[in-house]
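# Notes for the structure review
Here is what each chain is made of, one letter per residue.
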Amino acid sequence: MGQRPYGSKEESTGAEGAVTQDLTRSTIFAARDAEHFRAQAQGEGEFYPRYGHPNARTFEARMAALEGADGAVCFASGMATLHGVFCGLLQAGDTIACSRDVYGGTGDLLKHDLGRFGIEVRRFDPFSEEETVAAVQPPVKLVHVESPTNPLVRVVDLERVAGAAHAAGALLSVDATFVPPPLQRPLERGADLVVHSATKFLGGHHDVLGGVVSGRHEQLEMLEAFRRRTGAILGPDRAWLLTRSLDTLEVRVRHMCMTAARLASFLDGLRSEGGDIAAVHYPGLSRHPDFEIATRQMLMPGSMLAFEVKHGLEGATAVYDRLQRITRAPSLGGTESVALLPLYSSHAGLTPEERAEAGIADGLIRISVGLEPADELEADLAQALQV
Ligand SMILES: Cc1ncc(COP(=O)(O)O)c(C=O)c1O
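Residues numbered from 1 in each chain as written. Predicted model: local features only at pLDDT ≥ 70, side-chain atom pairs only at ≥ 80, totals over all residues. Heavy atoms only, no water.

On the basis of which strands lie adjacent, the open sheet formed by five strands has the order E9-E10-E13-E12-E11 and mixed pairing. This sheet does not close on itself; its edge strands, each paired only once, are strand E9 (277–281) and strand E11 (327–328). By the bridge criterion, three bridges tie strand E12 (residues 338–340) to strand E13 (residues 364–368) in an arrangement that is antiparallel. In the strand pairing of E13, valine 338 is matched with serine 368. (Pairing = 2+ DSSP bridges. Helix = DSSP H or I, 4+ residues; strand = E, 2+ residues; numbered from the N terminus.)

Put into structure tokens, the structure is as follows:
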């Protein structure tokens, strides 16, 4: 019986006795004879890395264990993973219901590409029970949500959406990039697939691009076959780096969460004193609209937060330009704290009306809290806000 072409939690690859994983860059694996060559080509042992390779399988096995999944399939980026999930599981004539609050790149993929291949896209507000029930009806085959969301860090009640998806005979996929396992495990809340841009917390050092989806064998087999046909597998070096980063994932993220909670309280204190802050968005604050569901659904509320500076873009730009310790950069989840302006990045493509509807104020600044000393980050925010 050949090994599965992707990593599952029962198996982990690596040379016997090696304490850390080996890195296997070879793109060919020699056969002993014709019979062995035939077996390799049928999926026994290594054959050709686009079909799966030892470092990808090790990373996938580790992810599957973290998520409580049957297995995982890794891709070259988060977007390649989402493309794999949508196009590997759906076909022309199918319908996908997707949350309105998803990463801009996911929205672009739905808008520009899925329709071209005959897949109908419905968007819905996952925070509205009425809209969810109205959108998640047959013939929807796949429901896709992101939780927590970008940039307002709203937390979707996954059990509620999973219930609606399953009642309609659909699968639920969750992009959980903002809060990785073990702090959030969507499969335990009824999701069928959990997706991560591994470029973020899983890699955790702002130095590797990748993506991964975990779930059940039935869907993973389809995803792996699609990945093989489209050639979108993660390469060995990056899979090796990601596996190495998983060793520190939980300690990194727990520490970042504690610092984020402290910074959110600091900023919220300034808001309540009537300073230059109009709002603070962090699901660990009891005033956050999803505080209760965040407490139930996640072990900690994550390390992403956003705050709205008074006086719109002008006010936010002044604060942003004064940051010293926090880096002005996109992305999230790394050891370096980074801040971005959603108006210029993730939400630049929206009209002012669309932004207002999504609750994205012009003065919004999003921060991914890293591993720097909390005192230094708080002092940086204080000097940037001139308090
Ligand atoms: C929530 C979310 N999903 C997916 C992606 C895409 O990931 P990648 O940049 O690795 O393709 C991103 C990127 O920022 C993201 O924030």
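Before going further, it helps to examine the sheet that holds strand E6 (residues 171–175). The strand order E1-E2-E8-E7-E6-E5-E3-E4 describes an open sheet built from eight strands, whose pairing is mixed. For this open sheet the edge positions go to strand E1 (7–8) and strand E4 (120–124), each flanked by a neighbour on one side alone. Strand direction decides the pairing type here: strand E3 (residues 95–99) and E4, joined by five bridges, are parallel. For isoleucine 96, the partnering residue across the bridge sits in E4 and is valine 121. Each of E1, strand E2 (71–75), strand E7 (193–197) and strand E8 (211–215) is contacted by helix H2 (residues 54–67), which is oriented at about 130 degrees to E2, the strand it contacts most. Docked against the sheet, helix H3 (residues 78–89) engages E2, E3, strand E5 (140–146), E6, E7 and E8, running at close to 150 degrees with respect to E7. (Contact = heavy atoms within 4.5 Å. Axes fitted to C-alpha atoms, helices over the stretch in contact; angles between N-to-C directions.)

A separate point is the pairing of strand E10 (residues 304–309). Most of E10 is tucked away: five of the six residues are buried. Sheet topology note: the E9/E10 ladder contains four bridges and is antiparallel. If you follow isoleucine 277 over to E10, its bridge partner there is valine 309. In the sheet, E10 pairs with E13 via five bridges, with the strands oriented antiparallel. Of the residues in E13, the one forming a bridge with phenylalanine 307 is isoleucine 365. (Buried < 20%, exposed > 50% of the residue type's maximum accessible area, 1.4 Å probe, protein only.)

With that out of the way, let us pick up the packing of H3 against helix H7 (residues 217–230). Packing of H3 against H7 leaves a shortest axis separation of 9 Å and a crossing angle of 105 degrees. As judged from the angle between their axes, H3 and H7 are roughly perpendicular. Residues His83, Gly84, Val85, Cys87, Gly88 and Leu89 of H3 lie in contact with H7, whose contacting residues are Gln219, Met222, Leu223 and Phe226. Here the contact of H3 with H7 is built from residues that sort into six nonpolar, four polar and no charged. (Parallel < 35°, antiparallel > 145°, perpendicular 65-115°, else oblique. Nonpolar A, V, L, I, M, F, W, Y, C, P; charged D, E, K, R; others polar.)

This paragraph deals with the nonpolar core. Grouped together as the largest cluster of nonpolar side chains are 30 residues, with contacts concentrated most on Phe59, Met63, Phe201, Leu202 and Val212. If you list the elements that add at least two residues to this core, you get H2, E2, helix H8 (236–246), helix H9 (249–272) and helix H10 (291–297). In terms of nonpolar packing, the next biggest core, distinct from the first, is built from 29 residues, Leu267, Val280, Val319 and Ala384 among them. (Core = buried A, V, L, I, M, F, W, Y, C linked by side-chain atoms within 4.5 Å.)

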